[in-house]
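Understanding the architecture of this molecule
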Amino acid sequence: MACVNKFFLIFISLILPFGGYGQVYELSSVNFEAVISQYKILVHFYSSVSPGCRQMSTDYSVTAASLTKSGSDIKLGRLSCDLERTLCVEAGVKFVPTIKYYRNGAVIDYTGSRTAVGFLTFLSKYP
């Protein structure tokens, strides 16, 4: 069973960056405001040099796939604080990884574990 799970995670992590099943949307100053005002979206504010950000990326992608498979209208996105420093400061990001959930005009700070189960549990509280 563990072998099957590892294969699934490797497969998902390889296909998702190319816009495959369960896409994690790349956000920037060009689309950020439009996306957070239009969708329910969990946003991962990250830095490419952060080990914590790299460590959770697979679980974040698996969460996106799970939400897509279940037909959820919740999206997952990520925004590089390396490239969009001003936007990250405006969003209240003090460190990375930071995760915020934008829903119906409100911002909810993420407080769960940085695993697929943690993300899905958190999102089930705020459908």
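This text goes with the structure placed above it.
Because the structure is a prediction, the values reported are computed rather than measured.

Below, the discussion takes up helix α3 (residues 51–70). In a regular helix each residue adds 1.5 Å, so 20 residues correspond to 28 Å; α3 covers 30 Å between its end C-alpha atoms and thus fits that length. Of all the bends in α3, the largest measures some 40° and sits at S57. Listed as buried for α3 are C53, M56, Y60, S61, V62, T63, A64, A65 and L67. After α3 finishes, the residue G71 shows a positive phi value of roughly 80°.

Now for the state of the cysteines. Covalent bonding between the sulfur atoms of two cysteines is what defines a disulfide. Scanning the entire structure with this criterion turns up 1 disulfide. C53 takes part in no disulfide bond, and the closest cysteine sulfur to it belongs to C81, at a distance of 8.0 Å. Overall, the relative accessible area of 3% leaves C53 in the buried class.

Moving on to the nonpolar core. Of all hydrophobic cores here, the largest spans 15 residues; its most connected members are L42, Y60, L76, Y101, F119, F122 and L123. Mapped onto this core, the elements with two or more residues apiece are α3, β3 (74–80), β4 (98–103) and α5 (116–125). Among the elements that take part in this core, α3 stands out by supplying 4 residues, more than any other. For L123, the residues in contact, after removing those within four places along its chain, are L42, L67, I74, L76 and Y101. In terms of nonpolar packing, the next biggest core, distinct from the first, is built from 14 residues, F32, V35, I36 and V43 among them.

Below, the discussion takes up the packing of α3 against α5. Between α3 and α5, the least distance of the axes is 8 Å, while the angle of their chain directions is 45°. Taken together, the axes of α3 and α5 lie oblique to each other. Taken as a pair, α3 and α5 cross one another with a handedness that is right-handed. Where α3 approaches α5, its residues M56, D59, Y60, V62, T63, S66 and L67 are matched on the opposing element by A116, F119, L120 and L123.

So, how was this worked out
- Residues numbered from 1 in each chain as written.
- Predicted model: local features only at pLDDT ≥ 70, side-chain atom pairs only at ≥ 80, totals over all residues.
- Heavy atoms only, no water.
- Helix = DSSP H or I, 4+ residues; strand = E, 2+ residues; numbered from the N terminus.
- Expected span 1.5 Å × (residues − 1).
- Bend = angle between axes of the 7 residues up to and from the residue.
- Buried < 20%, exposed > 50% of the residue type's maximum accessible area, 1.4 Å probe, protein only.
- Disulfide = S-S within 2.5 Å.
- Core = buried A, V, L, I, M, F, W, Y, C linked by side-chain atoms within 4.5 Å.
- Contact = heavy atoms within 4.5 Å.
- Axes fitted to C-alpha atoms, helices over the stretch in contact; angles between N-to-C directions.
- Parallel < 35°, antiparallel > 145°, perpendicular 65-115°, else oblique.
- Left-handed = near helix turned anticlockwise from the far one by under 90°.

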